[in-house]
Amino acid sequence: MTRVALIDDHESVRLGLQGACARADDQQVVFSGSTVTSYLDWRAFSSSPPADVVVLDLTLGDGTTVTENVSRLVRDGSSVIIHSVADRPAAVREALAAGAAGVVSKSSRIDDVICAIHTVSRGEQLNNVEWASAVEGDRDFADAQLSARERDVLRLYAAGLPLKVVAERLGVAYSTAKENITRIRVKYVDVGRPAPTKVDLLRRAMEDGIVSPTGLEAETVATGGDGER
């Protein structure tokens, strides 16, 4: 059973999502409220574990920022889906950089939101039009300026290949491939888009168009590898 929290300062939106989740056999809304603080207070008071997925409005009425809200929820142990109108690319970019798993527009069908919850609960990222448009349309999106070799290493590594296999594929030493990954992480930190884990690197590679969902699936099937080695 996927435990879901709904955080939106519009009660009608929360009620609609709550009803849709109730109709799904494998989703349970454990919290519904208007702020991240109220959710975390509820967690502390009830000693409940973090929700598996938090559906979060991009902008709340309590004066908090999207970076602050997403970061607090991710640190608390939940995956975050941004549920908002997709006409503020800079704010969407901030949410993704802070660790949100993806974006679902409020103009989407309610079934699309339920499907997004399913996807994220499996540990997968959302790869939707709103995400791509937000990143592509934001000219301020920070480019890590990766070299051609670094892009090749990231493409293979983020797609699931062990680092040793990446090195073999590219005809370089393992130490060289490892140095490339280190430099890639440093470059992403420098532009405010940290990628400390392999999942984070995959997210950055998809944001920057280095890895496509189709290419990722093909690579994973071909190799069967997904460990950070």
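Residues numbered from 1 in each chain as written. Predicted model: local features only at pLDDT ≥ 70, side-chain atom pairs only at ≥ 80, totals over all residues. Heavy atoms only, no water.

Draft legend 1. Spatial organisation of the layout of surface pockets. Of the pockets and cavities examined, the second largest pocket occupies roughly 190 Å³. Around the second largest pocket, the lining comprises 13 residues; the ones closest to its centre are Ser-78, Ser-79, Gly-99, Gln-125 and Arg-203. Classifying every residue of the lining of the second largest pocket by side-chain character gives 5 nonpolar, 6 polar and 2 charged. (1 Å grid on protein atoms, 1.4 Å probe; cavity = no way out; pocket = protein on both sides within 12 Å on 5 of 7 lines; lining within 4 Å. Points joined across faces, edges and corners; volume = space filled by probe spheres on them. Nonpolar A, V, L, I, M, F, W, Y, C, P; charged D, E, K, R; others polar.)

Draft legend 2. How the structure looks around helix α9 (residues 174-190). Helix length check: α9, at 17 residues, gives a terminal C-alpha distance of 25 Å against a target of 24 Å (1.5 Å per residue), a fit within 8%. Residues Ala-177, Asn-180, Ile-181, Ile-184, Arg-185 and Tyr-188 constitute the buried set of α9. All buried residues of α9 lie within an arc of 135 degrees about the axis, which places them on one face of the element. Where the residues of α9 are buried, they touch α7 (148-158), α8 (163-170) and α10 (198-207). Of the residues flanking the end of α9, it is Gly-192, one or two places downstream, whose phi is positive at about 75 degrees. (Helix = DSSP H or I, 4+ residues; strand = E, 2+ residues; numbered from the N terminus. Expected span 1.5 Å × (residues − 1). Buried < 20%, exposed > 50% of the residue type's maximum accessible area, 1.4 Å probe, protein only. Arc of directions from axis to C-beta. Contact = heavy atoms within 4.5 Å.)

Draft legend 3. Representation of the environment of Leu-15 in the model. Looking at where Leu-15 falls in the secondary structure, it is placed in helix α1 (residues 11-23). For the pair Leu-15 and Ser-32, spaced 17 residues apart in sequence, the C-alpha to C-alpha distance is 8.4 Å.

Draft legend 4. Here's a closer look at the nonpolar core. Of all hydrophobic cores here, the largest spans 23 residues; its most connected members are Ile-7, Tyr-39, Leu-56, Val-70, Leu-73 and Ile-82. Contributing elements (two or more residues each) for this core: β1 (2-7), α2 (36-46), β3 (53-57), α3 (66-76), β4 (79-84) and α4 (89-97). Every residue in contact with Val-70, bar those within four places of it in the chain, is listed here: Leu-56, Val-80, Ile-82, Ala-95, Ala-98, Gly-99 and Ala-100. (Core = buried A, V, L, I, M, F, W, Y, C linked by side-chain atoms within 4.5 Å.)

Draft legend 5. Here's a closer look at the confidence of the model for the protein. In the predicted model, the protein carries a mean pLDDT of 85, and 83% of its residues have values of at least 70. Counting contacts from residues 220-229, a segment whose pLDDT is below 50, to residues more than four positions away or on other chains yields 22 contacts. (pLDDT = per-residue confidence, 0-100.)

Draft legend 6. Representation of the packing of aromatic side chains within the structure. Here the structure, examined in full by the defined rule, presents 3 aromatic pairs. A centroid spacing of 5.4 Å and a plane angle of 65 degrees characterise the contact between Phe-31 and Tyr-39, whose relative ring orientation is edge-to-face. You'll find Phe-31 and Tyr-39 in the same group, each marked buried. Here a set of aromatic residues connected by ring pairs shows up, and it is made of Phe-31, Tyr-39 and Trp-42. (Phe/Tyr/Trp six-rings, centres within 6.5 Å; stacked < 30°, edge-to-face > 60°.)

Draft legend 7. How the structure looks around the pairing of strand β2 (residues 27-33). Where β1 and β2 come together, 6 bridges link them in parallel fashion. Opposite Leu-6, over in β2, you have Ser-32 as the bridge partner. Remark: the β1/α1/β2 crossover connection has right-handed handedness. (Pairing = 2+ DSSP bridges. Right-handed = clockwise from strand over helix to strand, strands pointing away.)

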